[in-house]
Amino acid sequence: MERDACDLDFETAAAMLAWQVDLGVLDVVGDAPLNRYELEAVAPKPTPVAAPPVVVEAPDPVAEARAMAAAAPDLETLAEVVADYPHCELKRGARNTVFCDGRAGARVMIVGEAPGRDEDMQGRPFVGRAGQMLDRMLAAIGLARDNPDITRAVYITNVMPWRPPQNRDPTKEEVAMMRPFLSRHIELAAPDLLIVLGNTSAQAVLGKTGITRLRGTWHEGFGLPVRPMLHPAYLLRNPAAKREAWADLLDIQARLT
Ligand code: URA
């Protein structure tokens, strides 16, 4: 039975101390005795394992665009979702998100490239000089963006909803991240055919560029007949090319009758 040090009489305590000195004890390191055999029986504390580093996944802009676009049940929601999309740098420099003009439900859907200065100011596609040229081209085959007769109306959008700085061409990455929205836009607008204007639009819809080679014939994109055409801004700079545009317009008119 263990005894408290206070229970010892002087002689016993002195004898125990002398016995310890005989054993070679030089210093007293604590007041209470320590049973080191018991201490060893206690399992050593495990070394704490460092928590695995938290890996913050970089967002995938294209995957996010796909998910956001797929969740939009109608054109109004899609317009809001596009305006909220955070990964395209062009948005920072733009005044407005340019989503569409004309009549949803029209047989013809026109896909332009990106807003210019006038479109950025007004928030509508093709309202500047190129837009006026486009309206004249459409009128030549009896179409207009707001024609009350839906069979003679058109619906218009751009691949990019934001104006690029200095009207530069959008990069391939910018086109790729906005393409899911374009795909959903076309699905919801459900036209009979697409007209793509210029190389950026051909890239987004057909996955090909080289508009002068692509024009003049029908292609397929997003499950629809696609007619690539020279961009009206190009026609303003190269009036001689209007002949080719006229030929394309006549083919489109024939397809609609
Ligand atoms: N050019 C385009 O491609 N789209 C516009 O909206 C205006 C000019």
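Nothing here was measured: the structure is a model prediction, and the numbers come from that model.

Reading the values: the criteria
- Residues numbered from 1 in each chain as written.
- Predicted model: local features only at pLDDT ≥ 70, side-chain atom pairs only at ≥ 80, totals over all residues.
- Heavy atoms only, no water.
- Helix = DSSP H or I, 4+ residues; strand = E, 2+ residues; numbered from the N terminus.
- Buried < 20%, exposed > 50% of the residue type's maximum accessible area, 1.4 Å probe, protein only.
- Contact = heavy atoms within 4.5 Å.
- Areas by Shrake-Rupley, 256 points an atom, 1.4 Å probe, with all protein chains shown as cover.
- Pairing = 2+ DSSP bridges.
- Axes fitted to C-alpha atoms, helices over the stretch in contact; angles between N-to-C directions.
- Phe/Tyr/Trp six-rings, centres within 6.5 Å; stacked < 30°, edge-to-face > 60°.
- Lys NZ or Arg CZ within 6 Å of the ring centre and 35° of its normal.
- Near = heavy atom within 4 Å.
- Polar contact = N/O pair within 3.5 Å; in protein donor to acceptor, adjacent residues only side chain to side chain.
- 1 Å grid on protein atoms, 1.4 Å probe; cavity = no way out; pocket = protein on both sides within 12 Å on 5 of 7 lines; lining within 4 Å.
- Sits in = over half its atoms within 2 Å of the grid points.
- Nonpolar A, V, L, I, M, F, W, Y, C, P; charged D, E, K, R; others polar.
- Points joined across faces, edges and corners; volume = space filled by probe spheres on them.

Draft legend 1. Summary view of the overall build of the chain. Each helix and strand counted, the chain has 12 helices and 6 strands in total. Burial analysis of the chain (257 residues in total) assigns 38% to the buried set. Counting only contacts in the chain whose residues sit at least 6 apart along the sequence, the fraction spanning at least 24 positions is 69%. In the form shown here, the chain has an accessible surface area of approximately 15,600 Å², with 54% of it arising from carbon and sulfur atoms.

Draft legend 2. Spotlight on unusual backbone geometry. Despite not being glycine, Phe-126 shows a phi value in the positive range, around 55 degrees. Given the relative accessible area of 6%, Phe-126 is considered buried.

Draft legend 3. View of the sheet that holds strand β4 (residues 193-197). Read across the sheet, 6 strands follow the order β1-β3-β2-β4-β6-β5 without closing on themselves; strand pairing throughout is mixed. The open sheet is flanked by β1 (101-102) and β5 (219-221), the only strands paired with a single partner. Across 4 bridges, strand β2 (residues 108-112) lies against β4 in parallel orientation. The residue bridging Met-109 from the neighbouring strand is Leu-194, located in β4. Contacting β2, β4 and β6 (224-229), helix α12 (residues 242-256) runs over the sheet at an angle of about 160 degrees to β6.

Draft legend 4. A look at the packing of aromatic side chains. Following the criterion strictly, the structure yields 1 aromatic pair and no others. Relative to Phe-181, the ring of Tyr-85 lies with its centre 5.1 Å away and its plane at 70 degrees, an arrangement referred to as edge-to-face. Here Tyr-85, found in the loop between α4 (75-84) and α5 (90-93), pairs with Phe-181, found in helix α8 (residues 172-189); they are 96 residues apart in sequence, far enough to count as distant. As far as the burial class goes, Tyr-85 and Phe-181 line up, both buried. Sitting over the ring of Trp-218, Arg-227 keeps its end group 5.2 Å from the ring centre. The ring of Trp-218 carries the charged tip of Arg-255 above its face, separated from the ring centre by 4.6 Å.

Draft legend 5. Here's a closer look at the site of the ligand. Taken together, Gly-112, Glu-113, Ala-114, Glu-119, Pro-125, Phe-126, Asn-158 and His-231 are the residues near the ligand. Here a nitrogen atom of the ligand sits 3.1 Å away from a polar atom, N or O, in the main chain of Ala-114. With respect to the pocket detection grid, the ligand is positioned in the second largest pocket. For the shell around the ligand, the residue count by class is 3 nonpolar, 3 polar and 2 charged.

Draft legend 6. Focus on empty space enclosed by the protein. For the coordinates displayed, the defined rule picks out 1 cavity of 30 Å³ or more. Taken together, Val-82, Val-98, Phe-99, Thr-157, Asn-158, Val-159, Pro-161, Met-178, Phe-181, Leu-182 and His-185 make up the full set of residues lining the largest cavity. Listed by contribution, the elements that provide at least two residues to the lining of the largest cavity are β3 (154-158) and α8. If you tally residues by element for the lining of the largest cavity, the top one is α8, at 4 residues.

Spatial relationships are all this shows, so hold off on functional conclusions.
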